[in-house]
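So the chains spell out like this:
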Amino acid sequence: MALWGFSSRWTLAHADPSRKLQNRLELWANFAGRTQNLRAQVRLRRESALLERPLAVTGTLFFRTPDALLLRDDDPAGISTWIERGVLRLVPHRADVPAPELPDRHDPASEWLVEHLVALFAPPPPGELGFPRARVLVPPGSGYRLEFAPLRGSLARRVVRTMTVQLDPVAGAVTRIVLAEAQGDRLSIDLEDHRQNLDPADIAGPFEALRSRVGG
Amino acid sequence: VLALVLAGVLALRWGEGPRLEDGARPWLPAEHRPDDRLGLVRLEIAREGVATTEELLRAADHIRETLGAKWRPLEPPAEALAAWTDAHALLLMPLSQHAALQVRMTNTAIEDAVRALRGRLASPFFALIGAEARRDPLGLRSLARSASEEGVGTRGGPTLATDRGDALRRDGRVLWLLHAAEREHATWEALTEELAGRGITLARPQVEHAAERVPLSDAATRLAWLVAGGLTALLAAAYRAMARPLALVIGTGLLACACLRFLGPWDALALPWLALAVVGAVAVATIPGRIAALGGLLLATALVPLAWSPIPTWAQWGFPWFLLGVGMAGVAQLGRLFAAPTDDASPDTGDVHWTRRAWIALVLTLGSGAVVTTRLAPETFAALTPSDAAFSPYAPDRIVWAWSAPASSSEAALDTAALDTHGWSDALARSDVRIEGPGHLLLAPDELARRREALGALGLADRLAQLEHTLQAHGFRSAAFGEFLRGAADEHQSPSSRAALQTPLARWIKRHLADEDGQVRVRTSFHLPPDADALPRLTHHDGTPVQLFGPAAFEATLRPNLPSFVVSTTLVQLWLAMTLVWLRHRDLRRALFVAAMAVATLVTTSLLLVPFDVPPRLAALPAWLWLAAYAAMATVRGLERPRDVRGTALLALLPVVPALAFAVLGIPEWMPLAAVLGVGGPLAVLWGCVVAPRLLPAPPRAVPPAGEA
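Parameters at a glance
Position numbers for residues start from 1 in each chain and track the written sequence from start to end. Lettering for chains starts from A, numbering for ligands starts from 1, and both go in the order in which the items are written. Selection of residues for local features in this predicted model requires a pLDDT of at least 70, selection of side-chain atom pairs for listing and counting requires 80 or more, and totals for whole chains, interfaces and linings are taken over all residues. Derived side-chain values reflect all non-hydrogen atoms in the structure, with water molecules and hydrogen atoms excluded from consideration. In plain words, nonpolar cores are sets of buried Ala, Val, Leu, Ile, Met, Phe, Trp, Tyr and Cys residues tied together by side-chain atoms within 4.5 Å. Accessibility here uses a 1.4 Å probe with only protein chains present; expressed as a share of the type maximum, an area under 20% marks a residue as buried, one over 50% as exposed, and anything in between as partly exposed. Residue contacts are counted whenever heavy atoms from the two residues lie within 4.5 Å of one another. Each patch is built from residues lacking any salt bridge and having more than 30% relative accessible area; the joining distance is 9 Å for like charges and 5 Å for nonpolar side chains (Val, Leu, Ile, Met, Phe, Trp, Tyr). Using a 1.4 Å probe, the Shrake-Rupley method yields the accessible areas, and only the shown protein chains count as cover for residues. Salt bridges are counted wherever a side-chain nitrogen of Lys or Arg sits within 4 Å of a carboxyl oxygen of Asp or Glu. Helix and strand assignments come from DSSP, with helices taken as H or I runs of at least 4 residues and strands as E runs of at least 2, each series counted from the N terminus. Under this definition, polar contacts are N or O atom pairs within 3.5 Å; protein pairs additionally need one hydrogen-donor-capable and one acceptor-capable atom, and for neighbouring residues in sequence, both atoms have to be side-chain atoms. Each residue gets one of three labels, nonpolar for Ala, Val, Leu, Ile, Met, Phe, Trp, Tyr, Cys and Pro, charged for Asp, Glu, Lys and Arg, and polar for the others, Gly among them. Following DSSP output, two strands are said to pair if at least two bridges run between them. The convention used is that axes are lines fitted to C-alpha atoms, helices contributing only their stretch in contact, and that angles between N-to-C directions extend from 0 to 180 degrees. Side-chain rings of Phe, Tyr and Trp (the six-membered ring for Trp) are treated as a pair once their centres are within 6.5 Å; stacked means planes under 30 degrees apart, edge-to-face means over 60, and tilted covers the remaining angles. Criterion for a charge above a ring: Lys NZ or Arg CZ within 6 Å of the ring centre, and within 35 degrees of the ring normal. Working rule for angles: under 35 degrees goes down as roughly parallel, over 145 as roughly antiparallel, 65 to 115 as roughly perpendicular, anything else as oblique. For any pair of crossing helices, the crossing counts as left-handed if the nearer helix is rotated counterclockwise from the farther one by less than a right angle, and right-handed if it is rotated clockwise. Counting rule applied: Lys, Arg positive; Asp, Glu negative; His and chain ends not counted. Here the site of a charge means NZ on Lys, CZ on Arg, CG on Asp, or CD on Glu.

Q: Help me understand the nonpolar core, please; the structure alone is not making it clear to me.
A: Side chains of nonpolar character tend, in soluble globular proteins, to be buried together. In terms of nonpolar packing, the biggest core is built from 106 residues, with Leu618, Trp626, Tyr630, Leu651, Leu654 and Trp670 of chain B touching the most fellow members. With residues near it in sequence (within four places) discarded, Trp670 of chain B still touches Leu216, Ala219, Leu223, Ala268, Leu271, Pro272, Phe662 and Leu665 of chain B. One finds Leu117, Ala119 and Val160 of chain A together with Val114 of chain B within the second-largest nonpolar core, a separate group that totals 101 residues.

Have a look at this one:
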């Protein structure tokens, strides 16, 4: 398991100043800004050179402010990705399967992914809109999409090429995340059935279950 | 005087100048000194700069091109290392892990491992752990920790090896390169300037540390002038004359210059001894002639016990310094020409009257000396070394190394190192010590055969076929894991030294080889964690204990014996002083009393230094020994001539002259000497010339009968 912290400073320094980008960021902030907690059903699909056919599994995403994110797939042999207070844990569902060894807490790619996955769902600080450690742009094509890439020269680019996010055109909720990895894999996470600001006890359950299992 | 000045000028003009040996850590024996033929370069993204890690790597490329053949791989090139360990993962696994390997290669374990691998694919963080899964789907590397990257310390350590063989700090902001010898200063200046413009700072820690030190040649010149000037001024003020003090100082100074020129080399530890020899000779010249020989011998034997010291410079100069002291004292007798005409015509006989308070003082001083020795905790030389933050994690003080047994070829030496290193790796598996050397990556022929046989008994080919089948059954493309499967199954692949020397790892491996007269040895380094308080205890493959080298290893050998070494050396020195006094006076009580005054000087000096926060340091040991001898000489003089105020004041101030010189010249090794001499010199004379005559007065003189008057 690895521990790390990340900066919560938000600036517009690297955001594309175009109006289109600004509109999408405002649309995203409209939904994220209201989020106290969130639950959504997810469908994950990984295309990988390791696989004969793409892997497809379902699961659930939980988020609660300020920075706790849990992505749990439904495969009994699957894994939970749990980020809280900047700490990443990968917890296999089966207790007899050892947790994979994670890179060092300062690994740039881990740090970048943790920071940006959490930031997609967390309310931005008032009056600030942007991602300081990413190049953000509006990719060509239809739909309300934003593309995030590690800054030029960052070591994170050796692992993550881009993270593309699709937004609900009305509410601004994140409906799809596509992670293009440097090794050629591509992970799509489709989010649906967003439930925002539920009773905190409903959201706390999965986090507490994991906490009681692995501690921390 | 004119003749002496002329001789001095001629001597100074003749030849190439003093034989000085500058360098950090002069106390280290040669075999423990870090290799100064290699230099570190540290590139850092300036805090205020906008450079990125990619630019840092490009800057390293540029420096590598500039250095050409002088560049050396600091770490094993990452890609080459990964290819090597992938190809030989199973063979590099220790035999002790084969039982666990068998468990991991059962049908159930393979099924579980492949399921777990598939489960991980759903995480957005699979990219971070997937490379390992691709290389090692069964997690066999964890069984072979001592043989994979952990073995050479590139995993889990503070740095990552780059593909070229430099070291990158894990946050990507600092990069280290290694290079041989020194390029001309202008090249480095140009590189520094060029990279600064790109937001990258270039530093060469060794060069910068060396630049911070005052050059020994400068310090030697200033020391000579300060000591000569100080002694001349002091003598001239005491005797209100110039010619004879000048003759005395120039005479001893010339002898010192001749020593500098023809003896040596002189390093930062030895030079102060020369200054002390001059000051001692001058002091001897100021005491009555009938005890000058005893005084000269007392001072000349002061540092002789250090001939048995583990510090090479001290051991080297212990006996020559005795001859030098005697020679200096002889030359200094020329200065007796300026002594006051009544000096040697003193009616004092030197006889003493033993009083009860003398006995009490004797017992008290020797007792206090015994108490102080029980509380002695001197610091080693480590306190004198500058901060190693700029070197981190390649700080020389945190790296020790061992040599494998010599062999007739590189391959044979590497085979021996492989046998050693696999054992060391097992022994240090649970520690934070990082082992750096090529032995991890190799197997000696006998060991290779044993492992092949053991792997054969596991039915490896059948197990690998099962793994391939299971991977396919779970939707994986077994070809994607081909490197692992091929490497594990190929019987012709072997991690031999010959094969390794034909890979891109060869240059890094060769950096660890030392060829001396056809005998090749392999150096394996151990990077100690910052909080390490003990060295690893290791043995070679044949069971012989490993001897570790390096500054930390030398410190570790010094530390346990330090108090006993300091005490025994001081006792030997006091015994020598007592013997000399006894030989002169044939009076054991008097010899004991002289030693007691020396002990009193040492004890009171150490107590007086406490408020100034000056801890006892090994570096100051010569000053303590000289101080004890000086106190003995002062006591001998005090008992001979108790009422010579001018001579007493002069004697008290003489050690202050070199103390002030040592204090102002900025050589770290000289500072501890300055404190001891500056405080202890006057105290020695106080005890020897003021207190001693009162404790041990001259016997009352017989009053002549009135009729004879």
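Q: Can you help me understand a nonpolar patch on the surface in this one?
A: A surface patch of nonpolar side chains, amounting to about 290 Å² of accessible area, comprises Trp582, Leu583 and Leu588 of chain B. As for its position among the elements, Trp582 of chain B is in helix H23 (residues 562-585).

Q: I would appreciate a short explanation of the interface of chain B and chain A in the present structure.
A: One frequent convention defines the size of an interface as the accessible area lost when the parts assemble. Between chain B and chain A, the residue contacts involve 32 residues of the former and 46 residues of the latter. Between chain B and chain A we count one salt bridge in total. With a shortest N-O distance of 3.5 Å, Asp112 of chain B and Arg94 of chain A are connected by a salt bridge. Connecting chain B to chain A are seven residue pairs in polar contact (both at pLDDT 80 or more). Of all the secondary-structure elements, those providing two or more residues to the side of chain B that touches chain A are helix H2 (53-67), helix H6 (107-120) and helix H7 (126-135) of chain B. Its residues placed into classes, the side of chain B that touches chain A shows 15 nonpolar, six polar and eleven charged.

Q: Can you walk me through the pattern of salt bridges in this structure?
A: Between side chains of opposite charge, a pair can form when the charged atoms approach closely. Under the counting rule described, the total for this entry stands at 27 salt bridges over all chains. Between Arg64 of chain B and Asp61 of chain B there is a salt bridge whose closest N-O contact spans 2.7 Å. Here the residue Arg64 of chain B and the residue Asp61 of chain B both occupy positions in helix H2, the gap between them amounting to three residues, near one helical turn. The exposure class assigned to Arg64 of chain B is buried, which follows from its relative accessible area of 8%. Measuring nitrogen to oxygen at the nearest pair gives 3.5 Å for the salt bridge that ties Glu194 of chain B to Arg198 of chain B. Using a relative accessible area of 34% as the deciding quantity, one classes Arg198 of chain B as partly exposed. A cluster of three or more residues bridged by salt bridges with shared partners is formed by Arg64, Glu84, Glu208 and Arg211 of chain A.

Q: Sorry if this is basic, but what is going on with the sheet that holds strand S5 (residues 87-92) of chain A here?
A: Note on sheets: strands pair through backbone hydrogen bonds, and any given pair is parallel or antiparallel. All names here are of chain A. Pairing in this open sheet of ten strands is antiparallel, and the strands run S5-S4-S3-S2-S1-S10-S9-S8-S7-S6 from one edge to the other. Each edge of the open sheet is held by one strand with a lone partner, namely S5 and strand S6 (134-137). The average undirected angle you get between the axes of adjacent strands in this sheet is 20°. One ladder, built from six bridges, connects strand S2 (residues 55-64) with strand S3 (residues 68-73); its direction is antiparallel. In the sheet register, Phe62 faces S3, and the bridge partner there is Leu70. Sheet strands in contact with helix H3 (residues 200-214) are strand S1 (37-47), S2, S3, strand S4 (79-84) and S5, and its direction is about 110° off that of S2.

Q: How do you make sense of the packing of aromatic side chains when you look at a structure like this?
A: The description of an aromatic ring pair rests on the distance of the ring centres and on the angle between the ring planes. For the coordinates displayed, the defined rule picks out eight aromatic pairs over all chains. If you follow Arg64 of chain A out to its NZ or CZ, it ends over the ring of Phe207 of chain A, 4.6 Å from the centre. Above the plane of the ring of Trp582 of chain B lies Arg586 of chain B, whose end atom (NZ or CZ) is 4.9 Å from the centre.

Q: Would you mind showing me how to read the environment of Ala402 of chain B here?
A: Residue and element names in this part refer to chain B. Within the fold, Ala402 resides in strand S7 (residues 399-403). Put simply, Ala402 and His540 are 138 residues apart on the chain and 9.7 Å apart in space, counted from C-alpha to C-alpha. In this structure, Ala402 is in contact with Trp424, Val522, Arg523, Thr524, Phe526, Val546, Gln547 and Leu548, ignoring residues within four places of it in sequence.

Q: Explain the packing of helix H13 (residues 292-300) of chain B against helix H25 (residues 621-640) of chain B to me, please; I cannot follow it from the model alone.
A: Residue and element names in this part refer to chain B. Running from amino to carboxyl end, H13 crosses H25 at an angle of 165°, the nearest separation of the two axes being 8 Å. Relative to H25, the element H13 is oriented roughly antiparallel. The chirality of how H13 crosses H25 is right-handed. On the side of H13, the interface is formed by Leu294, Gly295, Leu298 and Leu299, while H25 contributes Trp626, Ala629, Tyr630, Ala632, Met633 and Val636. Here the contact of H13 with H25 is built from residues that sort into nine nonpolar, one polar and no charged.

Q: How should the side chain of His88 of chain B be read in this particular structure?
A: Residues and elements named next belong to chain B. Secondary-structure assignment places His88 in the loop between helix H3 (78-87) and helix H4 (89-92). For His88, a relative accessible area of 3% corresponds to the buried category. The contacts of His88, once residues within four sequence positions are left out, are Gln493, Ser494 and Pro495.

Q: Help me understand the pairing of strand S7 (residues 145-150) of chain A in this model?
A: A regular strand places its side chains so that they alternate between the two faces of the sheet. Residue and element names in this part refer to chain A. With respect to burial, S7 is a largely interior element, five of its six residues being buried. As paired elements, S6 and S7 share four bridges and run antiparallel to each other. Bridging across to S7, Arg135 finds its partner in Ala149. Relative to strand S8 (residues 160-167), S7 runs antiparallel, the two being bridged by four bridges. Counterpart to Arg145 in the pairing with S8 is Gln166.

Q: Help me understand the environment of Leu140 of chain B, please; the structure alone is not making it clear to me.
A: Residue and element names in this part refer to chain B. With respect to the secondary-structure elements, Leu140 resides in the loop between H7 and strand S3 (159-161). Classification of Leu140 as buried rests on a relative accessible area of 3%. When the C-alpha atoms of Leu140 and Gly199 are compared, they prove to be 43 Å apart, with 59 residues separating the residues in sequence.

Q: So what exactly am I meant to see when it comes to a positive patch on the surface here?
A: Together, Arg135, Arg152 and Arg157 of chain A together with Arg58 of chain B make up a positively charged patch on the protein surface. In this structure, Arg152 of chain A sits in the loop between S7 and S8. For Arg152 of chain A, a relative accessible area of 57% translates into the label exposed.

Q: It is not clear to me how unusual backbone geometry should be interpreted in this structure. Could you clarify?
A: Apart from glycine, the bulk of residues carry a negative phi angle, and the bulk of peptide bonds sit in the trans form. Residue and element names in this part refer to chain A. Cis rather than trans, the peptide bond between Thr65 and Pro66 has omega equal to 5°. Here Pro66 shows up in the loop between S2 and S3. Despite not being glycine, Asp193 has its phi angle at roughly 55°, a positive value. Mapping Asp193 onto the fold places it in strand S10 (residues 186-196). For Asp193, a relative accessible area of 42% translates into the label partly exposed.

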